[in-house]
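Descriptive structure summary
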Amino acid sequence: MMDGAALLDAPLLSARGITHSYGERIGCRDVTFDLWPGEVLGVVGESGSGKTTLLNCLSAQVIPSAGSLTYRLRTGDQADVYALSEAERRMLMRTDWGFVHQNPRDGLRMGVSAGANVGERLMAVGARHYGAIREQVTDWLGRVEMDLDRIDDLPSRFSGGMQQRVQIARNLVSGPRLVFMDEPTGGLDVSVQARLLDLLRGLTNDLGLSAVIVTHDLAVARLLSHRLMVMRRGAVVEQGLTDQVLDDPQHAYTQLLVSSVLQT
Amino acid sequence: MSAPVIRIEGLSKSFVLHNQGGVELPVFRDVDLEVFAGECLALHGPSGTGKSSLIRLIYGNYLCPQGRILVRHDGRVTDVARALPHEILDLRRRTMGYVSQFLRVIPRVPALQVVAEPLRAQGIDAAAAEQAAGAMLARFNIPERLWHLAPATFSGGEQQRVNLARGFIADYPVLLLDEPTASLDKANRDVVVDVIRQATARGAAVVGIFHDAQMRDAVATRVLALAPAGAAA
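Residues numbered from 1 in each chain as written. Chains lettered and ligands numbered in written order. Predicted model: local features only at pLDDT ≥ 70, side-chain atom pairs only at ≥ 80, totals over all residues. Heavy atoms only, no water.

**Overview of the pattern of salt bridges**
Opposite charge on two side chains permits them to pair, given that their charged atoms come into close proximity. So the rule is basically this: Only one rule defines a salt bridge in this text: a Lys or Arg side-chain nitrogen within 4 Å of an Asp or Glu carboxyl oxygen. Elements are defined by DSSP. Helices are runs of H or I of four residues or more, strands are runs of E of two residues or more, and each kind is numbered from the N terminus. Note on classification: 1.4 Å probe, protein chains only; a residue is buried when its accessible area is under 20% of the maximum for its type, exposed when over 50%, partly exposed between these limits.
One pass over the structure, following the stated rule, counts 28 salt bridges over all chains. As a salt-bridge pair, Asp-34 of chain A and Arg-16 of chain A come within 2.9 Å of each other at their nearest N and O atoms. Placement of the pair is Asp-34 of chain A in strand 2 (residues 25-35) and Arg-16 of chain A in strand 1 (residues 13-22), with a sequence separation of 18 residues. A relative accessible area of 22% places Asp-34 of chain A in the partly exposed class. On the accessibility criterion, Arg-16 of chain A (36% relative accessible area) is partly exposed. Taking the shortest distance from any N to any O, the salt bridge between Arg-108 of chain B and Asp-198 of chain A comes out at 3.3 Å. In this pair, Arg-108 of chain B sits in the loop between strand 6 (96-99) and helix 3 (111-121) while Asp-198 of chain A sits in helix 8 (residues 190-207), so the two residues belong to two different chains. Classification of Arg-108 of chain B as partly exposed rests on a relative accessible area of 39%. Shared partners join several salt bridges into a network, and the residues in it are Arg-7, Glu-9, Glu-34 and Arg-68 of chain B.

Structure representation (structure tokens):
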């Protein structure tokens, strides 16, 4: 039996030996780490390094060939994520987890309004009162700096940056404890990216969210993540405190990545 | 005599450049050091002797492969060299402040919030934190019309004063200062002297690099001379 304080001092997510291959090709290999409550973990590496495969395994969208994943539920019980039934896993994804895709089209329903996209997520966890849902939707679209007179417009009529903000609101409205993000600012103009980064940084700080963020951009990783994992050819070559990995990289590959960034 | 706030034992550091033929650059070997509450230790020596590296090692910014870096935190002792990332972040949130030579500018975040952030991270509410931040910015002579602007467009000296205001806003038991006054005029250097003396007076342990001899004489209670790696200390 753990007391409350000890509970806070336990990892939220524990990955052990996560390995996934697509036939002959290795996606990710033997990835082990603990994610602590309120911690933002950045995963960096070139395309093809296995970052996205790992993220898909961690968010249980793909069940890996080997390895285990333990998640600490709100009750304090440990869930063996890969052993859950399909329905239990889907429930976990709806209530406790969020997933922000690089392409907002993969995370939004393009045929319904921005407001409905956000409200839907609340209804999925049991909200029924229209007025209360509308109020929370408005609150969240405001927090992601959307013009509220566009709440009834279809996302397809929004710019990429606006769509991404709707996707973030859709994910956070239900109060998740853990959010996975795959290149959340990729494909956006630099000025739009800065605004979104500022927003994400504020939200993770204020809400005490835990997050795993995949990015190839070291500046994004420095700004958003507490801790960094560097991947190459499916394996983690180095991990540690973000500023330590970037300012005093130990592995040859990390040194190459860091020294390849253009200074402005 | 009370226990030191920082105690360093057998600290050695070198950098290995894997992409440049694996050349190894030694920084220092076998450093032992104690810093007590209420003192300001100035690190002194020619460039390349590892002054900045020592400060970054204490802050956990550089990896410590050999030796121990013990910091008193929360009534216990934490070894920065062995601590997990979230433990180092907790140490930084509540025990160790660090002022670098340059402000790391974050797009869109106004000066007032940049300065208030360390207090917000300690759980102080936004209004109180911003009030304290305003007082600190005023102390460093940043005019109020700039408080709500992001520092990206500020001059180097203004950015550094924002950096200092941020570094001194929380009453950390440990303060690490890496040439904090390099780009400041006389009036603002005097403000820095004041805030450092105030910090040591309340019992903070300060470790700093002060390029300017006058500045160093004004604040240091002890000077540690670092010699180039390989030479006898």
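**Things to note about the nonpolar core**
Let me state the cut-off plainly: What we call a nonpolar core is a set of buried Ala, Val, Leu, Ile, Met, Phe, Trp, Tyr and Cys residues that are connected through their side-chain atoms within 4.5 Å.
Core analysis: the largest hydrophobic core is formed by 42 residues, its most contacted members being Val-162, Phe-168 and Ile-196 of chain B. Secondary structure elements with two or more residues in this core: strand 3 (40-44), helix 3, helix 4 (126-139), helix 5 (156-168), strand 7 (174-178), helix 6 (186-201) and helix 7 (213-219) of chain B.

**A short note on helix 6 (residues 130-143) of chain A**
All names here are of chain A. Inclusion rule: Helices are assigned an expected span. That span is 1.5 Å times one less than the residue count. The arc in question is the one spanned by the directions pointing from the helix axis to the C-beta atoms. The contact rule is simple, with two residues in contact once any of their heavy atoms fall within 4.5 Å.
For helix 6, spanning 14 residues, the distance from its first C-alpha to its last is 20 Å, which sits close to the expected 20 Å at 1.5 Å a residue. Buried within helix 6 we find Ile-133, Val-137, Trp-140 and Leu-141. Seen end-on, helix 6 carries its buried residues on one side only, within an arc spanning 100°. Elements in contact with the buried residues of helix 6: helix 5 (114-124), helix 7 (160-172) and helix 8. Where helix 6 terminates, the next one or two residues include Glu-145, which has phi positive at roughly 60°.

**Observations regarding helix 1 (residues 51-59) of chain B**
Counting buried residues in helix 1 of chain B gives 7 out of 9 residues, a clear majority hidden from the surface. In the stretch just after helix 1 of chain B, Gly-60 of chain B is the one whose phi turns positive, near 85°.

**Quick notes on the interface of chain B and chain A**
So the rule is basically this: Accessible-area loss on putting two parts together, using a 1.4 Å probe and summing over both, is the definition of buried area adopted here. Any pair of nitrogen or oxygen atoms within 3.5 Å is treated as a polar contact; in protein, a donor-acceptor pairing is required on top of that, and neighbouring residues in sequence qualify only through side-chain atoms on both sides. Residues are grouped as follows: nonpolar covers Ala, Val, Leu, Ile, Met, Phe, Trp, Tyr, Cys and Pro; charged covers Asp, Glu, Lys and Arg; every other residue, Gly included, is treated as polar.
Listed as interface residues are 23 residues of chain B and, on the opposing side, 23 residues of chain A. Note on chain B versus chain A: buried area summed over both sides is about 2000 Å², and carbon and sulfur give 51% of it. Inspection of the region where chain B meets chain A yields 12 residue pairs in polar contact (both at pLDDT 80 or more). The set of elements that each furnish at least two residues to the side of chain B that touches chain A consists of strand 1 (6-17) and helix 2 (85-94) of chain B. Grouping the constituent residues of the side of chain B that touches chain A by class yields 12 nonpolar, 5 polar and 6 charged.

**Description of the packing of aromatic side chains**
The test is simple: When the centres of two rings from Phe, Tyr and Trp lie within 6.5 Å, Trp using its six-membered ring, the rings pair. Their planes under 30 degrees apart give stacked, over 60 give edge-to-face, and anything left gives tilted.
Applying the stated criterion across every chain yields a total of 5 aromatic pairs over all chains. Here the aromatic cluster, defined as three or more aromatic residues joined through ring pairs, consists of Tyr-71, Trp-97, Phe-99 and Phe-180 of chain A.

**Considerations on the side chain of Glu-238 of chain A**
So the rule is basically this: Residues scored as charged are limited to Lys and Arg (positive) and Asp and Glu (negative), so that His and the chain ends carry no count.
Looking at where Glu-238 of chain A falls in the secondary structure, it is placed in strand 10 (residues 235-241). Comment: no salt bridge for buried Glu-238 of chain A; closest opposite-charge side chain is Lys-13 of chain B, at 9.3 Å. Within the structure, Glu-238 of chain A has its side chain in polar contact with the backbone nitrogen of Gln-250 of chain A (distance 2.9 Å). In contact with Glu-238 of chain A, other than residues within four places in its own chain, are Leu-228, Met-229, Val-230, Gln-244, Val-245, Asp-248, Pro-249, Gln-250, His-251 and Thr-254 of chain A.

**Things to note about the sheet that holds strand 9 (residues 222-225) of chain B**
Two pairing modes exist for strands in a sheet, parallel and antiparallel, and in both the strands are linked by backbone hydrogen bonds. All names here are of chain B. Heads up, the rule is: Two strands form a pair only when DSSP identifies at least two bridges running between them. Note on method: axes are straight lines fitted to C-alpha atoms, helices fitted across the in-contact stretch only, with angles between N-to-C directions ranging 0 to 180 degrees.
Pairing within the open sheet is parallel, and its 5 strands lie in the order 6-7-8-3-9. Strands at the two margins of the open sheet, each flanked by one partner only, are strand 6 and strand 9. Each neighbouring strand pair of the sheet contributes to a mean axis angle of 15°, computed without reference to strand direction. Bridge count between strand 7 and strand 8 (residues 205-209): 5 bridges; the pairing is parallel. Looking at strand 8, one finds that Leu-175 is bridged to Val-206.

**Side note on the sheet that holds strand 5 (residues 76-79) of chain B**
Residues and elements named next belong to chain B. Ordered in space as 2-1-4-5, the 4 strands form an open sheet in which the pairing is antiparallel. Each edge of the sheet is formed by a strand with only one pairing partner; in this case those strands are strand 2 (23-35) and strand 5. For this sheet, the mean angle separating the axes of adjacent strands, direction not counted, is 30°. With 9 bridges joining them, strand 1 and strand 2 adopt antiparallel strand pairing. Residue pairing for strand 2: Ser-14 is matched across the bridge by Pro-26. The strands touched by helix 1 within the sheet are strand 1, strand 2 and strand 4 (66-73), with strand 1 carrying the most contacts at an inclination of about 115°.

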